[in-house]
Amino acid sequence: MPARRTRRRQALVGAAAALILGGTALPAVVHVATTSDAVEDRHANTASSRHTPEEPAAEPDGVSDGGGRPEEGEARNHDEKREERKEEGKKGNEPKPAGSSPAGIPPAPTNTFAAVSPTCDRDQLGKGSGTVGPADRDGRVYGAFRVVNVSRAVCTVGGPGTVAASPRGSAESGRVSVVDHTPGDAATGLPDPTSEPSEVILQPGQAYEVKFAWIPAGDGGRNGCAKPGGGGSSPAPSAGGGASASPAGSSAATQQQPAVPDSPPPTPPPSIVLSHTPDVGEPAIADAKIDDACAGTVYRTGPIVPPG
């Protein structure tokens, strides 16, 4: 009996010692297994991170975003952030539309060309000339001024300039005027005013023209001059016959007659001198003379580039 109790006591002590040893070794076994699994997962994540951007690493079936162990979640978040940075880089490299450049930076040049040139200086305009055509049966005369860009740069004629009329000789200064050519006026031989350009761009050596028309006044014939009034009547003959007059009285009458005054110098024939001044100012660049013009209206166009 004592021996049996002794063996039973030893068996209980041994079982208790085995239980204590087993409880102590179990955490170590679990830690080793967990460490082994984490190492394998890291290797798997490293392999998946080496995939190309176009082929992201595949996730195991049945695993939702954010699931699994902490190491898996961190690796997946790292890969997603890297993919987002790559997408942002691609978006930043895309070409921006025109007009979206920051303030202060001009947009990239385009293939569209806009004709931009400075206004012609007075020194750039020269070789001015004026031409006058023959008068028709109604006394109407057409002509033009021609002005050349004598510089080596392109420039713009931005305005019509001026056309001035100066009566000469017996021309009536108060009955001569200069007006713009408009649709429906008497200067039917001038170009259509609605087709005139608002500005003219001249290449080096190119010319513009300003056309004009002289239309005489309707009450003055071909030259527009007013008809002079009738002259005074000749003196009436003296009363009585010539025989009754005494020679002495006749001699006295002859002595009392006033001396005939000298006749005034002949008046020059009427004419109109036209001059053109460019829009940029004096001096006038060309003249044109219209002979046998007394009273009427000058109609003028703006600058026009002649064909050819």
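The rules behind each value
- Residues numbered from 1 in each chain as written.
- Predicted model: local features only at pLDDT ≥ 70, side-chain atom pairs only at ≥ 80, totals over all residues.
- Heavy atoms only, no water.
- 1 Å grid on protein atoms, 1.4 Å probe; cavity = no way out; pocket = protein on both sides within 12 Å on 5 of 7 lines; lining within 4 Å.
- Points joined across faces, edges and corners; volume = space filled by probe spheres on them.
- Nonpolar A, V, L, I, M, F, W, Y, C, P; charged D, E, K, R; others polar.
- Helix = DSSP H or I, 4+ residues; strand = E, 2+ residues; numbered from the N terminus.
- Buried < 20%, exposed > 50% of the residue type's maximum accessible area, 1.4 Å probe, protein only.
- Pairing = 2+ DSSP bridges.
- Axes fitted to C-alpha atoms, helices over the stretch in contact; angles between N-to-C directions.
- Phe/Tyr/Trp six-rings, centres within 6.5 Å; stacked < 30°, edge-to-face > 60°.

K.L.:
Go over empty space enclosed by the protein with me, naming the residues and quoting the values.
P.N.:
Counted according to the given criterion, the structure contains one cavity of 30 Å³ or more. Forming the walls of the largest cavity are T119, C120, L125, T156, V157, G158, Y208, P278, D279 and V280. Split into classes, the residues belonging to the lining of the largest cavity amount to six nonpolar, three polar and one charged.

K.L.:
Account for unusual backbone geometry, with residues named and values stated.
P.N.:
Among all residues save glycine, negative phi is the norm, and among peptide bonds the norm is trans. Cis geometry is found at the peptide bond from E282 to P283, where omega equals 0°. Relative to the helices and strands, P283 is located in the loop between β8 (271-277) and β9 (286-291). Of note in the backbone geometry, K127 takes a positive phi value of approximately 55° without being a glycine. Note that K127 resides in strand β1 (residues 125-132). A relative accessible area of 66% places K127 in the exposed class.

K.L.:
Which residues make up the sheet that holds strand β2 (residues 141-149), and what are the values?
P.N.:
By definition, the strands of a sheet pair up through backbone hydrogen bonds, in either a parallel or an antiparallel sense. Taking strand neighbours across the sheet as the criterion, the five strands line up as β1-β2-β7-β10-β5 in an open arrangement whose pairing is mixed. Since the sheet does not close on itself, it has two edges, and those belong to β1 and β5 (176-180), each with one partner. Neighbour-to-neighbour, the strand axes of this sheet turn through a mean angle of 20°, independent of strand direction. Strand direction decides the pairing type here: β2 and strand β7 (residues 207-216), joined by eight bridges, are antiparallel. Across the sheet, F145 pairs through a bridge with V210, a residue of β7.

K.L.:
Go over the packing of aromatic side chains with me, naming the residues and quoting the values.
P.N.:
On inspection of all chains with the given rule, the structure shows one aromatic pair. Ring centres of F145 and F212 lie 5.2 Å apart, and the angle between their planes is 40°; this geometry places the pair in the tilted category. With F145 in strand β2 and F212 in strand β7, this residue pair connects regions lying 67 residues apart in the sequence.

K.L.:
I'd like a rundown of the pairing of β7, residues and numbers included.
P.N.:
Here β7 lies mainly inside the structure; nine of its 10 residues are buried. As defined by bridge partners, β7 adjoins strand β10 (residues 296-300) across five bridges and the pair is classed as antiparallel. If you follow A213 over to β10, its bridge partner there is Y299.

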